[in-house]
Amino acid sequence: MANTPTGNTLEPGEETPASLRQLALFAVVLLCLFGYLAASLFYTLPSNALSSRQSKGAARQALNILTPENWAFFTRDPQTAQIGIYALGADGSVRNLLRTPQGAPSNLFGLSRTQRAQGPELGYLNAAAAAHWTACDGPLADCLRELSGGRAWQVRNESPVPTVCGDAYLTQEKTVPWSYREQVPYLRRVAKAAHLDIRCR
């Protein structure tokens, strides 16, 4: 006996009320999720015409509690001080003692790991120079020349893989804010510097 069509048969393109409800629910959930992510992103952006980072609005406070991971969660603040190490030539020329970039031929195109050891090494030197910083506000070369006439503080390089020995200048530098990048000819401004006589083992 052949099957006969029943009254519940759907025509092509027709959907049941249950499938329509599922589709509507999916669209609402998707809209809420993207709205939440957009609001979280908006409140983590720098101050702008629509919102200030210093405002204490209820929406900002709620999102900071629910979504505390802003961009600082993933990367360090670009305005924090960075440590540099330099040598000053007899002619007043400045030479960077950092062995970067990692892919340079001097680092065997990344095969040498010596450059990786400089981070902890600079950490040791930074701690040893804590009492010998001199405030400086200007271009790197001017700061180093000013310090070159003074005393070089003797510190010991405790790194098991020393890369910096002898007369050197340790610096704390801050990146020029993006909004002022066209106003000055340099990318970093020296905040502090220390003239060191680094003794290696």
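Cut-offs applied
- Every residue gets a number counted from 1 within its own chain, in the order that chain's sequence is written.
- Local features in this predicted model are restricted to residues whose pLDDT is 70 or higher, and side-chain atom pairs enter the listing and the counts only when it is 80 or higher, whereas totals over whole chains, interfaces and linings include all residues.
- As a convention, hydrogens and water are excluded, and side-chain values are obtained from all of the structure's heavy atoms.
- Numbering of helices and strands starts at the N terminus; helices are DSSP runs of H or I of at least 4 residues and strands are runs of E of at least 2.
- Exposure is judged per residue with a 1.4 Å probe applied to protein chains only, and the accessible area is read against the type maximum: over 50% gives exposed, under 20% gives buried, and values in between give partly exposed.
- Here a residue-residue contact requires only that any non-hydrogen atoms of the pair lie within 4.5 Å.
- Accessibility throughout is a Shrake-Rupley quantity obtained with a 1.4 Å probe, and a residue counts as covered only by protein chains that appear here.
- Disulfides are defined in this document as cysteine sulfur pairs within 2.5 Å.
- Here a salt bridge means any side-chain nitrogen of Lys or Arg lying within 4 Å of a carboxyl oxygen belonging to Asp or Glu.
- Contacts described as polar in this section are N or O atom pairs within 3.5 Å, which, within protein, must combine one atom able to donate a hydrogen with one able to accept it, while residues neighboring in sequence count only if both atoms come from side chains.
- Known as pLDDT, the predictor's per-residue confidence is scaled from 0 to 100.
- Grouping into patches uses exposed residues only, defined as over 30% relative accessible area, and leaves out salt-bridged ones; the cut-off is 9 Å for like charges and 5 Å for nonpolar side chains (Val, Leu, Ile, Met, Phe, Trp, Tyr).

## So, the overall build of the chain
On a plain count of helices and strands, the chain comes out with 5 helices and 6 strands. Along its sequence from the N terminus, the chain presents helices and strands in the succession α-α-α-β-β-α-β-α-β-β-β. Counting every position in the chain, which comprises 201 residues, the buried fraction comes to 25%. A separation threshold of at least 6 residues defines the contact pool for the chain, and within that pool the share at least 24 residues apart is 64%. In the form shown here, the chain has an accessible surface area of approximately 14200 Å², with 60% of it arising from carbon and sulfur atoms.

## So, the side chain of Gln 172
Residue placement: Gln 172 occurs in strand E5 (residues 166-175). Judged by relative accessible area, which is 17%, Gln 172 ranks as buried. Those residues within four positions of Gln 172 in sequence are excluded, and the remaining contacts are Ala 81, Gln 82, Ile 83, Asn 126, Trp 133, Arg 189, Val 190, Ala 191 and Lys 192.

## Observations regarding the state of the cysteines
Within the structure shown, the criterion is met by 2 disulfides. Linked covalently through their sulfurs, Cys 136 and Cys 143 form a disulfide whose S-S length is 1.5 Å. Across the disulfide from Cys 136 to Cys 143, rotation about the S-S bond amounts to roughly -80°, and the bridge is consequently left-handed. In terms of burial, Cys 136 and Cys 143 fall into one category: buried. Bridging Cys 165 to Cys 200, the disulfide has an S-S length of 1.8 Å. On the sign convention where negative means left-handed, the S-S torsion of about -105° between Cys 165 and Cys 200 marks this disulfide as left-handed. Of the two residues, Cys 165 sits in the loop between strand E4 (153-156) and E5 while Cys 200 sits in the segment after strand E6 (188-199), which places them 35 residues apart along the sequence.

## Description of the pattern of salt bridges
Per the stated rule, a full pass over the model turns up 2 salt bridges. Two residues, Asp 142 and Arg 145, come together in a salt bridge whose shortest N-O distance is 3.4 Å. With Asp 142 and Arg 145 both in helix H5 (residues 140-148), this residue pair falls 3 residues apart, about one helical turn. Look at Asp 142 and you get partly exposed, because its relative accessible area is 45%. The partly exposed category is assigned to Arg 145, whose relative accessible area is 43%. Linking Arg 199 and Asp 197 is a salt bridge whose minimum nitrogen-to-oxygen distance equals 3.0 Å.

## Focus: the side chain of Glu 173
Locating Glu 173 in the fold gives a position in strand E5. By relative accessible area, which is 6% here, Glu 173 ends up buried. Reaching out from Glu 173, the side chain makes a polar contact with the side chain of Thr 171 at a distance of 2.7 Å. Apart from residues lying up to four places away in sequence, Glu 173 is in contact with Thr 80, Ala 81, Gln 82, Gly 84, Tyr 86, Arg 188, Arg 189, Val 190 and Ala 191.

## Some thoughts on the confidence of the model for the chain
Averaged over all residues, the pLDDT of the chain equals 79, while 83% of them reach at least 70. The least confident element of the chain, judged by mean pLDDT, is helix H3 (residues 71-74) at 62; the most confident is E4 at 90.

## Things to note about a nonpolar patch on the surface
On the surface, a nonpolar cluster with roughly 820 Å² of combined accessible area is contributed by Leu 23, Phe 26, Leu 30, Leu 33, Phe 34, Tyr 36, Leu 37 and Leu 66. Take the nonpolar patch: its biggest share by element is 7 residues, from helix H1 (residues 17-44). With respect to the secondary-structure elements, Leu 66 resides in helix H2 (residues 58-66).

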